[in-house]
Amino acid sequence: MNIILAYIGVVLMVALSGIGSAYGTSIAANATVGAMKKRMNSFGQSMILSALPATQGLYGFAAFFFIQNYLTAGITTLQAAAIFGLGLTVGLVCLFSAIRQGQICANGIAAIGGGYDVMGKTLLLAVFPELYAIITVAVTFLVTGLMGEPIL
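Residues numbered from 1 in each chain as written. Predicted model: local features only at pLDDT ≥ 70, side-chain atom pairs only at ≥ 80, totals over all residues. Heavy atoms only, no water.

So, helix α2 (residues 43-51)
Rule in force here: Residue exposure (1.4 Å probe, protein chains only): buried if accessible area is under 20% of the type maximum, exposed if over 50%, otherwise partly exposed. Put simply, DSSP H or I for four residues or longer makes a helix, DSSP E for two residues or longer makes a strand, and each gets a number counted from the N terminus. Each direction from the helix axis to a C-beta atom contributes to the arc, which is the arc of those directions. When checking whether two residues touch, look at their non-hydrogen atoms; a contact exists if any pair is within 4.5 Å.
Taken together, the buried positions of α2 are Ser 46, Leu 49 and Ser 50. Angularly, the buried residues of α2 cover 105° about the axis, an arc narrow enough to put them on a single face. The inward-facing, buried residues of α2 contact α1 (2-38), α4 (77-113) and α5 (119-146).

Structure follows, in structure tokens:
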């Protein structure tokens with residue numbers, strides 16, 4: 001039963017972060033299409049901003065590598081609960097972070113399409129929600145260091 005709980009945590013971690021990235025990049029990409037209707041040469045800057053929310057999906061995947069050695073038949077109840085909690089935390093934070101980052105990027109892309117030079121400032125503002133996704137990966141690393149050695 002412990003291993004099932006742990007795997008549910010892994011699924012939440014990877015799936016929710018991936019879903020968030022898919023939504024976030026779609027939001028920004030839709031704004032890119034709108035910006036190109038106004039200024040065709042806005043694609044380069046807009047594409048960079050559109051890609052930013054994709055990183056949260058990568059964070060969910062990266063966090064998996066910190067916990068993969070614990071996914072064994074001998075996993076303890078405490079380790080399984082920790083993995084489930086980490087999975088839920090990483091998944092939800094990355095989900096909302098990517099969506100909100102996509103919205104920030106979309107606003108910047110709309111401004112770029114309107115002729116404003118806001119690429120750098122938008123990039124700076126878009127980093128703020130991503131910080132929390134990065135923190136969850138760091139917490140995953142720290143917690144796995146406290147969980148003890150995996151039981152094989």
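Observations regarding helix α3 (residues 55-67)
What counts, and what does not: Between the first and last residue of a helix there are one fewer steps than residues, each counted as 1.5 Å, and that sum is the expected span.
Along its 13 residues, α3 runs 19 Å from first to last C-alpha, staying within 8% of the 18 Å computed at 1.5 Å per residue. Listing the buried residues of α3 in full gives Gln 56, Gly 57, Tyr 59, Gly 60, Ala 63 and Ile 67. For α3, the angular spread of buried residues about the axis comes to 155°, placing them on one side. Elements that come into contact with the buried residues of α3 comprise α1, α4 and α5.

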